[in-house]
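A closer look at the structure
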Amino acid sequence: MSMVEVIALVLAVAACALFILALRRWFLVRAGAIDVSWRVRSRVGGRGWVLGLARYSGDDLLWFRVFSFLPRSSRVVSRRVFEIVGRRAPDGSESWAIQPGAVILECRNDGTPVQLAMGEEALTGFLSWLEASPPGYTLPGYIAG
């Protein structure tokens, strides 16, 4: 194989990968997904944020990494064990790691600390989803304001 053929093959594979990622995002957004970043590492200030999409499925919020080929969700949040502890604006380098205009939620998912970042519109829908639990069980506390 010549160098030109190798470069063409690499470019074709990269184009296919980008097409698959775009198609996956399109299907998720058509299914009602919203932009939600998840902080996977919180030890270093401002770092550890992963861009993602989330969609509601009954009592669960399914979170998908943007740059992943997996068809299933990477993380699941159940509103039965989810609690919002506080909210804040991004500080310093965090504003570069998450989508513009996002609000950061400090939460606990079944007792485990979690940080989520989403826009104001998505936050309104998220809070409504948390409040809209079916009759018969109570939710952990949340902070609306």
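All of the points below concern the structure found in this document. (Residues numbered from 1 in each chain as written. Predicted model: local features only at pLDDT ≥ 70, side-chain atom pairs only at ≥ 80, totals over all residues. Heavy atoms only, no water.)

**Some details on the overall build of the chain**
Broken down by element type, the chain carries three helices and eight strands. Along the chain, helices (α) and strands (β) appear in the sequence α-β-β-β-β-β-β-α-β-β-α when read from the amino end. Per-residue burial over the chain gives 36% buried out of 145 residues. Accessible surface computed for the chain: about 8800 Å², of which carbon and sulfur atoms make up 62%. (Helix = DSSP H or I, 4+ residues; strand = E, 2+ residues; numbered from the N terminus. Buried < 20%, exposed > 50% of the residue type's maximum accessible area, 1.4 Å probe, protein only. Areas by Shrake-Rupley, 256 points an atom, 1.4 Å probe, with all protein chains shown as cover.)

**Thoughts on the pairing of strand β3 (residues 52-57)**
Here strand β1 (residues 34-39) runs beside β3; their pairing, made up of two bridges, is antiparallel. Residue pairing in the sheet places I34 in a bridge with A54 of β3. Relative to strand β4 (residues 60-65), β3 runs antiparallel, the two being bridged by six bridges. Each residue of the ladder has a partner; that of R55, found in β4, is L62. (Pairing = 2+ DSSP bridges.)

**With respect to the nonpolar core**
Core analysis: the biggest nonpolar cluster contains 22 residues, and F82, I84, L116, M118 and F126 have the highest contact counts within it. Elements that contribute at least two residues to this core include exactly β1, β4, β6 (82-88), β7 (103-109), β8 (112-118) and α3 (120-131). The biggest single contributor to this core is α3, with six residues. If sequence neighbours within four positions are ignored, F126 has contacts with Y56, L61, F82, I84, L105, L116 and M118. (Core = buried A, V, L, I, M, F, W, Y, C linked by side-chain atoms within 4.5 Å. Contact = heavy atoms within 4.5 Å.)

**Focus on the pairing of β8**
With five of its seven residues buried, β8 lies for the most part within the structure. For β1 and β8, the ladder comprises three bridges, and the chain directions are antiparallel. In the sheet register, S37 faces β8, and the bridge partner there is A117. Here seven bridges tie β7 to β8, and the two strands are oriented antiparallel to one another. Of the residues in β8, the one forming a bridge with V103 is M118. Count of turn residues in the β7/β8 antiparallel hairpin: two residues, of which D110 carries a positive phi of about 55°.

**Points about the side chain of D59**
Relative to the elements of secondary structure, D59 occurs in the loop between β3 and β4. D59 sits in the buried class, given a relative accessible area of 19%. Of the polar contacts made by the side chain of D59, one reaches the side chain of R79; its length is 2.9 Å. (Polar contact = N/O pair within 3.5 Å; in protein donor to acceptor, adjacent residues only side chain to side chain.)

**Focus: the environment of L62**
Among the structural elements, L62 can be located in strand β4. Residue classification places L62 among the buried residues on the basis of a relative accessible area of 14%. Each C-alpha atom of the pair L62 and R72 lies 8.7 Å from the other, and the pair is ten residues apart in sequence.

Interpretation note: all reported values are geometric properties and have no functional meaning in isolation.
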